[in-house]
Amino acid sequence: MKNNGYRPHNRYKDNLAQKKRRRFFIWTVLSILGFSGLTVGIVYLLFYSSVMRITNISVNGLKTTDTEEIYRLIELKLDQQALSINTLKPQKNIMFFDAEALKEEALNKFSVLKSLEIKKEYLHKIILDFSERIAIGSWCFPDTCYNFDNEGVLWGKTAKSSGSLLLVVEDLRTNVTEQKNIDPTFLKGINQALA
């Protein structure tokens, strides 16, 4: 028999192809909607929700430093983080809390602080463990006196003291500018004398 170019129409194949296209389209739309919903949910969780907001701050190890000053510094850092929402930083979110910036600022602002360790306890708590310097004496220049520790760091103006518990060093040099550390050669002799 001779083929005249006529092919019978197969409605079953057409329906199957149409169902496959419809299924692919629905799956694609649902995937895009699911991914978009997940993205919006994560953005809401990180930037607007209180799920990871810092609500508990624990400060340990302070003896001479005013705790209220430390809390003010922490609140200032948290408020700066919250105000920078236009750069997509979350509001007081523990995940994005910049512990290193707080540590650097606290150690620079309060010279009596020797070290600071900051721990995050998810979901809402940060713990600040401070270590303060211990004064072994007063280093006095002609116009003012400072405490100093066994590392030779000068901090905090103090009254000139004397007695068996505190070493007083009179530095009569007038050409000394604002100093933060004791010369290591002097410090070595002081530490040997105290040992």
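Here the structure is a predicted model, which is why all the values come from computation and not from measurement.

Caption draft 1: Geometry of the nonpolar core. Counting residues in hydrophobic clusters, the biggest one holds 25 residues, and the most contacted among them are I74 and L128. Mapped onto this core, the elements with two or more residues apiece are α1 (11–47), β1 (56–60), α2 (67–83), α3 (99–109), β2 (113–121) and β3 (125–132). Counting residues per element, this core draws most heavily on α2, which supplies four residues. Excluding residues within four positions of it along the chain, L128 makes contact with I57, S58, V59, N60, I74, L102, L116, E117 and I118.

Caption draft 2: Spotlight on the environment of C140. With respect to the helices and strands, the residue C140 is situated in strand β4 (residues 137–140). Owing to a relative accessible area of 1%, C140 belongs among the buried residues under this scheme. Sequence-wise, C140 and K157 are 17 residues apart; in three dimensions their C-alpha atoms are separated by 9.5 Å. Those residues within four positions of C140 in sequence are excluded, and the remaining contacts are C145, K160, V168, V169, E170 and D171.

Caption draft 3: Focus on the pattern of salt bridges. Using the criterion set out here, one finds seven salt bridges in the structure. Linking E105 and K77 is a salt bridge whose minimum nitrogen-to-oxygen distance equals 2.8 Å. Of this pair, E105 sits in helix α3 while K77 sits in helix α2, and the two are 28 residues apart along the sequence. Judged by relative accessible area, which is 29%, E105 ranks as partly exposed. The shortest N-O distance in the salt bridge between D149 and R133 comes to 3.0 Å.

Caption draft 4: How the structure looks around the layout of surface pockets. What the largest pocket holds in volume is close to 260 Å³. Every residue lining the largest pocket is counted, 14 residues in all, and those nearest its centre are S111, V153, L154, W155 and K180. Among the secondary structure elements, those contributing two or more residues to the lining of the largest pocket are α3 and β6 (154–158). Taken together, the residues that form the lining of the largest pocket break down as six nonpolar, four polar and four charged.

Caption draft 5: Broad picture of the sheet that holds β2. With mixed pairing, three strands are arranged side by side in an open sheet as β1-β3-β2. With partners counted over all chains shown, the strands left at the sheet margins are β1 and β2, one partner each. Direction aside, neighbouring strands of the sheet carry axes that sit 15 degrees apart on average. Lying over the sheet, α3 contacts β2 and β3, oriented at roughly 160 degrees with respect to β2.

Caption draft 6: Representation of the sheet that holds β6 in the model. With respect to topology, four strands assemble into an open sheet ordered β6-β5-β4-β7, the strand pairing being mixed. Pairing within the sheet leaves two strands with one partner each, and these edge strands are β6 and β7 (167–170). The average angle at which neighbouring strand axes cross in this sheet is 30 degrees, direction not considered. Strand direction decides the pairing type here: strand β5 (residues 145–148) and β6, joined by four bridges, are antiparallel. In the strand pairing of β6, N147 is matched with W155. Taken strand by strand, helix α4 (residues 184–194) contacts β4, β5 and β7, and its axis lies near 150 degrees from that of β7.

Caption draft 7: Structural detail: a nonpolar patch on the surface. Together, L45, V51, M95, F96, Y122 and L123 make up a nonpolar patch on the protein surface, roughly 530 Å² of accessible area in all. Residue position: F96 is located in the loop between α2 and α3.

Caption draft 8: Seen up close, the state of the cysteines. Per the stated rule, a full pass over the model turns up one disulfide. Note that C140 is cross-linked by a disulfide to C145, the S-S spacing being 2.0 Å. Judged by the torsion about the S-S bond (110 degrees), the C140/C145 disulfide is right-handed.

So, how was this worked out
Residues numbered from 1 in each chain as written. Predicted model: local features only at pLDDT ≥ 70, side-chain atom pairs only at ≥ 80, totals over all residues. Heavy atoms only, no water. Core = buried A, V, L, I, M, F, W, Y, C linked by side-chain atoms within 4.5 Å. Buried < 20%, exposed > 50% of the residue type's maximum accessible area, 1.4 Å probe, protein only. Helix = DSSP H or I, 4+ residues; strand = E, 2+ residues; numbered from the N terminus. Contact = heavy atoms within 4.5 Å. Salt bridge = Lys/Arg side-chain N within 4 Å of Asp/Glu carboxyl O. 1 Å grid on protein atoms, 1.4 Å probe; cavity = no way out; pocket = protein on both sides within 12 Å on 5 of 7 lines; lining within 4 Å. Points joined across faces, edges and corners; volume = space filled by probe spheres on them. Nonpolar A, V, L, I, M, F, W, Y, C, P; charged D, E, K, R; others polar. Pairing = 2+ DSSP bridges. Axes fitted to C-alpha atoms, helices over the stretch in contact; angles between N-to-C directions. Patch = residues over 30% accessible without salt bridge, like charges linked within 9 Å, V, L, I, M, F, W, Y side chains within 5 Å. Areas by Shrake-Rupley, 256 points an atom, 1.4 Å probe, with all protein chains shown as cover. Disulfide = S-S within 2.5 Å.

Distances and angles like these do not, on their own, reveal function.
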